[in-house]
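Descriptive analysis of the structure
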Amino acid sequence: MPSKRTKIRLAYFVIFALLLVGLVPLVLTGWLLSERSGSELRAVENRYQIQLVQEKARQIDMFGQANGDLVKGLATAFALSSNPSVFSLPATDHKLEATLRENPDVIALYVSPRDMEPLALYRPGNIARQEIDAVVSSVLPKIPEQGLFVGEPQLVGNASESVMTIASPIVANGARIGSVLAIVSLKSISRSVIGREPTSSADLWNSGLPIVFVVDEAGHAVFHPDQALVKERRALNGLKIVDEWRLANRQIQSGLVPFTAEYEDNSYNMIGAYSTVTFAGKMNFGVITMQDEAKALASVGEMRTQTWMISLAFALLALIVGTIAARLLTSPIANLSAAAERIAGGDLSTRVETRNITEIGVLGESFNTMSDKLEEHIKNLAKAAQENRELFVGTVKALAAAIDGKDKYTRGHSERVARISVAIGKQLRMDEEELEALRISALLHDVGKIAIDDSILKKPAALTDEEFEIMKTHPIKGYKIMSQIPAMKDFLPGMYMHHEMVNGKGYPQGLTGDQIPLQAKIVSVADTFDAMTIDRPYSRGMQLNDALARIREFVGTRYDGAVVEALVRGCQSGEIGRGVVQFMAHADTEKQVNVGVNARAKEATSQATSVQPPTPEAINERTGANGNLAS
């Protein structure tokens, strides 16, 4: 009688499989942690850039405020005395000398009373008195009758020290009796802001450290680690971040700007930030920092490398253990594993040969039974899912067609708006799930019109104010209809808020900017574009370039700039085009609209060609009695 072979129990294989499966969570966890850490590091770096320039701006602001208050305080003190003899008193000299000692950044104080000899105090240093007097002489005629005067930064002395002049008139009893002028050295504040010793531009770029500098409103370097740029008053407008600040400094206090910079034939992806500071309340400066993104985020790459190294080490260990253990496996287990892999890959027709080997035989039979049921179940699920999807989409399209069908001139409008919206979404790199939600939302964007009386909806003349207010309720009506269906939750923003404007003048909620969901912004632009480019019985649709140019005019007031540019890219790539839209429109309306129309249509077309290009609102909506717009 043959000896009974010793069989390894299935429990041991389960334990081994669990150990092996532990490798996958390790890799995924390590990768996800590195990704999350990288994202957090980027966010931290961005916050650091913003905080850095804001802190430097505060330093400059405090510096300018302190010296401006000093000059204004002296002018006020002389004005309160109301006695011309105060200018010649020894106590005045002593006070000015004490003031000069207490303010190390002030290199000269100049008090010029009317019809009297001026008082001048100088701090010993690298700047000759003759040069200081020359600066004073050039500034005195510019001092206004009221308020503080701040002069442009300039270089004086053998060491080319950067200074600014701050002056104030002395006004007593409504009359100007003199002036107070201080020449302030910018050396200390420059070092504090820049935060490093003078360095050449080449070393700055090679170091990869943040480069902090200050420019004036013309883009000229005021503070910079490379002193040559300051001495030459070189314009730094070649840097995109400088141009961004010059364009936005009066509207935006601080900003974060990723950009690309060129230096010595090398291209650098930079992260940077800027902040605006008003020196002594009179002159704007831009505090700017920028850094090579690759070096700023170098730790992200190192973190990923370490993650891969650890994962590879564990993978090697698992491979060795798995190889040793695999020799202990029997053929049925190998077949079962291979079959499981094929099923995991999607081949549900896979079956295994069952053998009577304790638990393995039972497992094989159970596996085959499971495969049969799973294959059948997935086929049924796929069929049901496809049918449900077709039913849902068909219902949505039918509803959209029913809405558009209330007016023969808008047939097919919702379908076209959906196609245009999806094309815009692709340009904005939305994923498939977001694109599908966008498409359904666009199809249903006018669903609320089903609750609007036909006498208003089809009225050929201008709407009255009362009718206009009723027409404006269609987004709310659509929302009330669809919000009762839980499955419609993801599609509500586009249909409810597609008449909101980024400047807050839209409806129904008057939202602004980022308060408006991206879905609604896209549907709004697509809705207008379709209305602009479609021929109507009384007017021809606009040409593609004209329509795009017209829509661009409303960026920042009605439309979001990123969405409009995505529309432009879609047109340039051929995904959106006037010809395609017109073809779709004609396919929907060729049986409803005759070629000749009638004499009224010809008259309307003639009138339309004799006026200025319409606004998107006028094309996409009808004007009420008081100039209001009805959708």
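Residues numbered from 1 in each chain as written. Predicted model: local features only at pLDDT ≥ 70, side-chain atom pairs only at ≥ 80, totals over all residues. Heavy atoms only, no water.

Quick word on the sheet that holds strand 11 (residues 283-292)
Taking strand neighbours across the sheet as the criterion, the 5 strands line up as 8-7-11-10-9 in an open arrangement whose pairing is antiparallel. Across the chains shown, the open sheet's two edge strands, defined by having one partner strand only, are strand 8 (221-223) and strand 9 (254-263). Averaged over neighbouring strand pairs, the angle between their axes works out to 40° when direction is ignored. Relative to strand 8, helix 5 (residues 187-194) is tilted by about 95°, and along the sheet it contacts strand 7 (211-216) and strand 8. Along the sheet, helix 8 (residues 240-248) contacts strand 7, strand 9, strand 10 (266-279) and strand 11; its crossing angle with strand 10, the most-contacted strand, is approximately 30°. (Pairing = 2+ DSSP bridges. Helix = DSSP H or I, 4+ residues; strand = E, 2+ residues; numbered from the N terminus. Axes fitted to C-alpha atoms, helices over the stretch in contact; angles between N-to-C directions. Contact = heavy atoms within 4.5 Å.)

Side note on the pairing of strand 1 (residues 106-113)
Here strand 1 lies mainly inside the structure; 7 of its 8 residues are buried. Bridging between strand 1 and strand 6 (residues 175-185) involves 7 bridges; their strand directions are antiparallel. Within strand 6, the position partnered with valine 106 by the bridge is valine 184. (Buried < 20%, exposed > 50% of the residue type's maximum accessible area, 1.4 Å probe, protein only.)

So, the nonpolar core
Residues Ile60, Phe223 and Phe279 are the most contacted members of the largest nonpolar core, which totals 44 residues. For this core, the element with the most residues is helix 2 (residues 23-81), which contributes 12 residues. When sequence neighbours within four positions are dropped, the list of residues in contact with phenylalanine 279 reads Ile60, Phe63, Gly64, Val150, Met164, Ile166 and Phe285. Membership of the second largest hydrophobic core comes to 40 residues, among which are Val417, Leu443, Met482 and Phe529. (Core = buried A, V, L, I, M, F, W, Y, C linked by side-chain atoms within 4.5 Å.)

Observations concerning helix 21 (residues 561-573)
Counted at 1.5 Å a residue, the expected span for helix 21 with its 13 residues is 18 Å, and the 18 Å between its end C-alpha atoms agrees. When we look at burial in helix 21, the residues that qualify are Val563, Val564, Ala566, Leu567, Val568, Gly570 and Cys571. In the core, the buried residues of helix 21 are packed alongside helix 13 (413-427), helix 19 (518-533) and helix 20 (544-552). For helix 21, the capping residue at the N-terminal end is aspartate 560, with a side-chain oxygen 3.0 Å from the backbone nitrogen of alanine 562. Just past helix 21, the residue glycine 574 takes up positive phi, approximately 95°. (Expected span 1.5 Å × (residues − 1). Polar contact = N/O pair within 3.5 Å; in protein donor to acceptor, adjacent residues only side chain to side chain.)

Concerning helix 5
Regarding helix 5, the residues found buried are Ile189, Ser190, Val193 and Ile194. Considered in projection along helix 5, the buried side chains sweep an arc of 125° and stay on one side of the axis. Once helix 5 finishes, glycine 195 follows within two positions and takes phi at roughly 75°, a positive value. (Arc of directions from axis to C-beta.)

Observations concerning the packing of aromatic side chains
Between two aromatic rings, the relevant description is the distance of the centres plus the angle of the planes. Within the structure shown, the criterion is met by 6 aromatic pairs. Three or more aromatic residues link up through ring pairs in this structure, and these residues are Phe63, Phe279 and Phe285. (Phe/Tyr/Trp six-rings, centres within 6.5 Å; stacked < 30°, edge-to-face > 60°.)

Quick look at the pattern of salt bridges
Here the structure, examined in full by the defined rule, presents 12 salt bridges. Among the ionic pairs, arginine 233 bridges to aspartate 216, the shortest N-O distance being 2.9 Å. Taken together, the residues span a long stretch of sequence, with arginine 233 in the loop between helix 7 (227-231) and helix 8 and aspartate 216 in strand 7 at a distance of 17 residues. In this structure arginine 233 comes out as partly exposed when scored by relative accessible area, which is 25%. Taking the relative accessible area as the measure of exposure, aspartate 216 reaches 5% and is therefore buried. (Salt bridge = Lys/Arg side-chain N within 4 Å of Asp/Glu carboxyl O.)

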